[in-house]
Amino acid sequence: MKIKKLLTVFILLLGVTSLFSQNRMGKKAMLNEDGTISVSEIEIPQSRVSTIDLELLFTFGRPASPIVKNSRGVTLADLNGDGTEEVIYGINTTLFAISGDGSILFEKEVEGLILLPPSIADLDGDGSPEIIVNTGYPTTVGRVYVTDNNGDDLPGWPITFNDKWMINAPAIADLDGDGTLDIITGERFGSSQGFVHALNIDGSEINENWPVEVPATPAFTPSIGDIDNDGSNDVVIAASSAGMYAFNSQGVILDGFPLVDAAVRYSYQSPMLVDLDGDETLEIVGANHGDSPGFYVLNHDATYFPGWPIATNGWTYSTPTVVDLDGDETYEIFMADRNTSNDETDLPTIYGLTPSGGNLSNFPIEKYGGNEGVLTIGDVNDDGVWDIIFSSTMTDAEGFGYIHAYSTDGSGEIEGFPLRPEGFTFLNGAVLGDIDNDGMMDLTANSNTLTFGGGVDMSYVNTYNLNIPFDKSKILSNGYKGSNTRDGLINEEVLSVNEFFGNEKLNIFPNPARTHFKVRLDTNDELQNLSLYNNLGQLVLSTTESFVDTTTLSSGLYVVKVITNEGKRTSKVVIE
């Protein structure tokens with residue numbers, strides 16, 4: 001009888017041990033070069049599974065494409081002018097605008113899959129934002145959609161180029177300097193041929209030199225800026241297996257480009273454009289994969305910036321984030337690595353780098369589970385220290401993923417994190433805002449389940465209350481490429497705005513402005529273009545008018561840049 005009892009206890013202990021072992025298993029996702037996702041099992045320590053939960057405001061979910069999943073997160077924008085941002089997100093072939101309580105503001109069926117977050121800008125200058133979104137995949141048709149703030153197509157849209165996949169997200173910028181915003185986007189014609197289009201609001205190309213052709217798939221969302229400081233914007237784009245390209249507004253390739261290296265390939269890692277050394281030209285900051293994977297900074301002539309590139313041990317599809325973290329007028333560069341060990345060992349995951357390629361203090365962040373999504377930077381616990389918010393390559397055994405937040409002061413993960421949405425957060429990230437208008441900061445992140453034919457895959461939007469007062473100044477870089485225009489430009493004039501304040505030839509009134517402001521120039525000046533930049537250096541408005549309606553703009557400090565027949569003038573305006 002005693003032997004039987006001991007045997008029973010042994011069997012029970014074996015069962016408990018087996019259950020505990022099962023609870024320690026999770027999954028790791030990896031993006032393949034063809035866009036498919038592979039998943040493998042890994043061990044997850046129990047200490048990394050549980051956490052203090054922040055309040056989940058809502059989860060919105062719909063069946064996802066079983067073939068391919070969303071990447072690069074969601075979009076936040078105030079569509080209806082009520083002062084509160086909505087969530088704009090595509091699932092499969094439906095575009096959703098979601099209110100702060102999780103209800104649907106509108107939904108719109110489209111042709112082709114929506115895979116990246118929509119871009120938002122006021123293209124027609126009427127004071128209301130337009131939504132610009134690409135669709136497509138090799139198994140579906142592709143389109144470029146431009147809708148109004150209610151989701152209704154603008155005249156002439158959508159457009160198609162022989163049903164080809166309109167790949168990555170559209171970038172919005174005034175490429176040709178005519179005072180109106182243009183749409184710059186990639187077309188995947190095939191694996192060895194692609195095109196980059198530069199479109200007016202009516203769908204026509206901006207001039208006869210567009211589109212331009214590249215000898216492979218356009219690899220990422222284009223980045224737009226005047227990289228050679230010749231007074232005209234340029235388009236930076238890579239061909240996946242055929243090098244880095246830069247074209248001017250006339251479609252002419254810039255000196256030094258293309259930069260071709262058989263060991264370097266590009267996909268998904270859309271770069272940022274920023275003047276790192278103060279020479280008034282823009283550097284190109286990004287990552288690459290291939291036989292020589294790593295992080296790079298290129299000069300405007302396609303030579304490498306001193307200290308770069310930096311080799312990594314494996315591929316990464318991370319897109320960089322560039323900010324002036326400490327307000328010293330020097331930029332910091334943040335990159336991510338998908339490094340994930342299979343034995344619970346922490347590995348370098350989030351890199352903080354100086355312009356010369358050295359490590360910042362407290363970096364890299366070493367953790368278990370890599371990242372190749374979007375890095376958002378904000379103060380999410382109201383302690384006056386910037387935090388980095390990012391996704392993970394992992395889920396636990398129950399299929400719940402991770403949204404992490406680490407302090408830049410080296411103290412580790414913020415209390416209340418990681419957040420645990422259902423599904424993989426892999427390749428995505430988080431955006432910060434106050435979408436329910438309760439005065440408290442929210443975090444919104446998307447996630448996707450992967451069943452590989454064993455069930456219905458789902459795509460989710462998850463919003464959490466961070467329990468701190470909402471303050472836009474506590475957000476340094478928000479979401480994919482830091483801007484809803486996706487142009488990737490970090491404008492250097494924001495750093496030195498004070499030296500322009502009080503320019504006698506550029507008077508702005510009223511200042512502060514509540515509903516509008518007007519620019520008054522010297523008698524001899526003729527206005528050619530007026531551009532408005534937010535405190536992150538991102539273009540929010542471009543016009544040829546001296547009167548600017550500010551009712552749809554968030555409060556804060558803005559830079560006003562005008563181009564006249566006499567040259568450039570810059571000043572600042574406060575919008576209340």
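Just so you know, these numbers come straight off a predicted model, no measurement behind them.

(A) Fine view of the overall build of the chain. The helix and strand inventory of the chain stands at one helix and 40 strands. Whereas a compact globule of 576 residues would reach a radius of gyration of roughly 25 Å, the chain reaches 24 Å, a difference of no more than 12%. When the backbone C-alpha atoms are referred to their principal axes, the chain occupies close to 105 × 50 × 50 Å. Looking at the chain as a whole, 58% of its 576 residues are labelled buried. Residue pairs at least 24 apart in sequence account for 54% of intrachain contacts in the chain once pairs closer than 6 positions are excluded. Across the chain, the mean location of the 30 positive side-chain charges is 10 Å away from that of the 83 negative side-chain charges.

(B) Layout of the nonpolar core. By size, the foremost hydrophobic cluster in this structure holds 36 residues, and its most contacted members are W210, I227 and M244. Put simply, the parts of the chain that give this core at least two residues each are strand 11 (165–173), strand 13 (193–199), strand 14 (212–214), strand 16 (234–239), strand 17 (243–248) and strand 20 (294–298). Here this core takes five residues from strand 16, the largest share from any one element. The contacts of M244, once residues within four sequence positions are left out, are F220, V236, I237, A238, F257, P258, L259, Y266, Y296 and L298.

(C) Main features of the sheet that holds strand 37 (residues 539–543). On the basis of which strands lie adjacent, the open sheet formed by four strands has the order 37-36-39-40 and antiparallel pairing. The open sheet terminates on both sides in strands that have one partner only, identified here as strand 37 and strand 40 (567–575). For this sheet, the mean inter-axis angle between neighbouring strands, taken without regard to orientation, is 20°. Pairing analysis gives six bridges linking strand 36 (residues 527–533) to strand 39 (residues 556–564), with the strands arranged antiparallel. Residue pairing in the sheet places L527 in a bridge with T564 of strand 39.

(D) The arrangement of the domain arrangement of the chain in detail. Once the domains are mapped, the chain shows domain 1 (25–490) and domain 2 (507–575). Between the C-alpha centres of domain 1 and domain 2 there is a distance of 28 Å. Each partner contributes residues to the interface: domain 1 has 16 residues there, and domain 2 has 11 residues. Contact with domain 2 buries surface across domain 1, with G127, G179 and K472 losing the most and accounting together for 28% of the total. If you look at where domain 1 meets domain 2, you find zero salt bridges.

(E) Region of interest: empty space enclosed by the protein. On inspection of all chains with the given rule, the structure shows three cavities of 30 Å³ or more. Of the voids in this model, the largest cavity is the one considered here, and its volume is about 50 Å³. Lining the largest cavity are I37, K69, N70, F424, F426, L427, N428, N448 and L450. The class makeup of the residues in the lining of the largest cavity is five nonpolar, three polar and one charged.

(F) Fine view of the environment of D176. Examined against the element boundaries, D176 turns out to sit in the loop between strand 11 and strand 12 (182–190). Judged by relative accessible area, D176 falls into the partly exposed class, the value being 27%. A C-alpha to C-alpha distance of 46 Å links D176 and T451, two positions 275 residues apart in sequence. Once residues within four sequence positions are removed from consideration, D176 is found in contact with D182, N200, I206 and S249.

(G) Just unusual backbone geometry, in detail. In the segment running from W157 into P158, the intervening peptide bond is cis, with an omega of 0°. For P158, the location among the structural elements is in the loop between strand 10 (140–147) and strand 11. A cis amide bond, omega 5°, links W308 with the succeeding residue P309. With respect to the secondary-structure elements, P309 resides in the loop between strand 20 and strand 21 (310–311). Positioned with a positive phi, N229 is a non-glycine residue whose angle comes to about 55°.

(H) Region of the structure containing the pairing of strand 13. With six of its seven residues buried, strand 13 lies for the most part within the structure. Alignment of strand 12 against strand 13, held across seven bridges, turns out to be antiparallel. Looking at the pairing, I184 lines up with A198 of strand 13. With antiparallel pairing between neighbouring strands as the criterion, strand 12 and strand 13 make up a hairpin whose turn holds two residues.

(I) Summary view of the sheet that holds strand 27 (residues 387–390). An order of 29-27-26-33 is seen for the four strands of this open sheet, with the pairing classed as antiparallel. Sheet topology places strand 29 (404–407) and strand 33 (475–477) at the edges, where each strand pairs with a single neighbour. Averaged over all adjacent pairs, the angle separating strand axes in this sheet is 25°, with direction ignored. Here four bridges tie strand 27 to strand 29, and the two strands are oriented antiparallel to one another. If you follow I388 over to strand 29, its bridge partner there is Y406.

(J) Representation of the side chain of N70 in the model. Take N70: it is sitting in the loop between strand 3 (55–63) and strand 4 (75–77). Among the polar contacts made by the side chain of N70, one reaches the main-chain carbonyl oxygen of I114 at a distance of 3.5 Å. Not counting residues up to four positions away in its chain, the partners in contact with N70 are Y89, G90, I114, L115, N428, N446, N448 and S459.

(K) Representation of the environment of N465 within the structure. Structurally, N465 is set in strand 32 (residues 458–469). Separated by 24 residues in sequence, N465 and M441 have C-alpha atoms that sit 6.3 Å apart. Setting aside its immediate chain neighbours within four residues, N465 contacts L54, E55, L57, D438, M440, M441 and D442. Polar side-chain contacts of N465 include one of 3.0 Å to the backbone nitrogen of N467.

Reading the values: rules and limits
Residues numbered from 1 in each chain as written. Predicted model: local features only at pLDDT ≥ 70, side-chain atom pairs only at ≥ 80, totals over all residues. Heavy atoms only, no water. Helix = DSSP H or I, 4+ residues; strand = E, 2+ residues; numbered from the N terminus. Rg over C-alpha atoms; globule rule 2.2 N^0.38 Å. Buried < 20%, exposed > 50% of the residue type's maximum accessible area, 1.4 Å probe, protein only. Contact = heavy atoms within 4.5 Å. Lys, Arg positive; Asp, Glu negative; His and termini not counted. Charge placed at Lys NZ, Arg CZ, Asp CG, Glu CD. Core = buried A, V, L, I, M, F, W, Y, C linked by side-chain atoms within 4.5 Å. Pairing = 2+ DSSP bridges. Axes fitted to C-alpha atoms, helices over the stretch in contact; angles between N-to-C directions. Domains from an automatic or database assignment. Buried area = accessible area lost by both parts, 1.4 Å probe. Salt bridge = Lys/Arg side-chain N within 4 Å of Asp/Glu carboxyl O. 1 Å grid on protein atoms, 1.4 Å probe; cavity = no way out; pocket = protein on both sides within 12 Å on 5 of 7 lines; lining within 4 Å. Points joined across faces, edges and corners; volume = space filled by probe spheres on them. Nonpolar A, V, L, I, M, F, W, Y, C, P; charged D, E, K, R; others polar. Polar contact = N/O pair within 3.5 Å; in protein donor to acceptor, adjacent residues only side chain to side chain.

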